[in-house]
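Residues per chain, in single letters:
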Amino acid sequence: LHFVFGADMVLSADEKRTIEHDVYHRVAGLGGAISAEHGIGMTKKDFLGLTRGAVARSLMRDLKRTLDPHGILNPGRVIDV
């Protein structure tokens, strides 16, 4: 599922977070994923655990450390190492 808040919507940060929480939990409950082909990014990072287990997230951290040992490629995105 790929959704974006409408440009004409005036929502507080708490309202946006509530919508994200509800949508991502529903998607995960149906066995779906919360990311697209380009990855998680900053906004969905907190929800990664809904659709990726501990082993997958550990593998992601290991790959990040291996491919980017100095942490210079998109620091703070997707997964913290």
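The following paragraphs examine the structure supplied in this document. Per chain, residues are indexed from 1 in the order of the written sequence. pLDDT decides what is reported in this predicted model: residues at 70 or higher carry local features, side-chain atom pairs at 80 or more are listed and counted, and totals for whole chains, interfaces and linings draw on all residues regardless. Side-chain descriptors were evaluated using all non-hydrogen atoms of the structure, hydrogens and water having been removed beforehand.

**Regarding helix H1 (residues 13-29)**
Two residues of an α-helix separated by three or four positions point the same way, owing to the 3.6 residues in each turn.
Okay, step 1: In this text, helices come from DSSP runs of H or I with a minimum length of four residues, and strands from runs of E with a minimum of two, each type numbered from the N-terminal end. Multiplying one less than the number of residues by 1.5 Å gives the expected span of a helix. Taking 1.5 Å per residue, 17 residues should reach 24 Å; H1 reaches 24 Å between its end C-alpha atoms and fits that length.
Okay, step 2: All buried positions along H1 are accounted for by Glu20, Tyr24, Val27 and Ala28. Angular distribution of buried residues about the axis of H1 spans 95 degrees; they occupy a single face of the element. When the buried face of H1 is taken as reference, the exposed residues oriented beyond 90 degrees from it are Asp14, Arg26 and Gly29.
Okay, step 3: Here, two residues are considered to be in contact whenever any of their heavy atoms come within 4.5 Å of each other. Those residues of H1 that are buried are in contact with helix H2 (48-51). Each residue gets one of three labels from its accessible area relative to the maximum for its type: buried under 20%, exposed over 50%, partly exposed in between, using a 1.4 Å probe on protein chains only. Arc, as used here, means the arc of the directions from the helix axis to the C-beta atoms.

**Some thoughts on the side chain of Asp68**
Okay, step 1: Counting through the fold element by element, Asp68 comes out in the segment after helix H3 (54-67).
Okay, step 2: Residue Asp68 is classed as buried on the basis of its relative accessible area, which comes to 7%.
Okay, step 3: Here a polar contact is recorded for every N or O atom pair within 3.5 Å, except that within protein the pair must consist of a potential hydrogen donor and a potential acceptor, and residues adjacent in sequence are included only if both atoms are side-chain atoms. Within the local environment of Asp68, its side chain forms a polar contact with the backbone nitrogen of Ile72, the two atoms lying 3.0 Å apart.
Okay, step 4: At 2.9 Å, the side chain of Asp68 forms a polar contact with the backbone nitrogen of Leu73.

**Some remarks on a nonpolar patch on the surface**
Okay, step 1: A surface patch of nonpolar side chains, about 330 Å² in accessible area, is lined by Leu59, Leu63 and Leu67.
Okay, step 2: Along the chain, Leu67 turns up in helix H3. Residues qualify for a patch when their relative accessible area is over 30% and they have no salt bridge, like charges being joined within 9 Å and the nonpolar side chains of Val, Leu, Ile, Met, Phe, Trp and Tyr within 5 Å. For every accessible area listed, the method is Shrake-Rupley and the probe measures 1.4 Å; residues are considered covered only by the protein chains on display. A pair is scored as a salt bridge if a Lys or Arg side-chain nitrogen falls within 4 Å of a carboxyl oxygen belonging to Asp or Glu.

**Considerations on the pattern of salt bridges**
Okay, step 1: If you walk through the whole model with that rule in mind, you get 4 salt bridges.
Okay, step 2: Where Arg17 meets Asp46, a salt bridge forms, and the shortest distance between an N and an O atom there is 2.8 Å. In this pair, Arg17 is assigned in helix H1 and Asp46 in the loop between H1 and H2, connecting sequence segments 29 residues apart.
Okay, step 3: A relative accessible area of 34% means that Arg17 is categorised as partly exposed.
Okay, step 4: Put simply, Arg65 and Asp62 hold a salt bridge, and the shortest N to O gap is 3.2 Å. Residue Arg65 and its partner Asp62 are both found in helix H3; the two are separated by 3 residues, about one turn of the helix.
Okay, step 5: The class for Asp62 is partly exposed, based on a relative accessible area of 39%.
Okay, step 6: Members of the salt-bridge network, linked through shared partners, are Arg17, Glu20 and Asp46.

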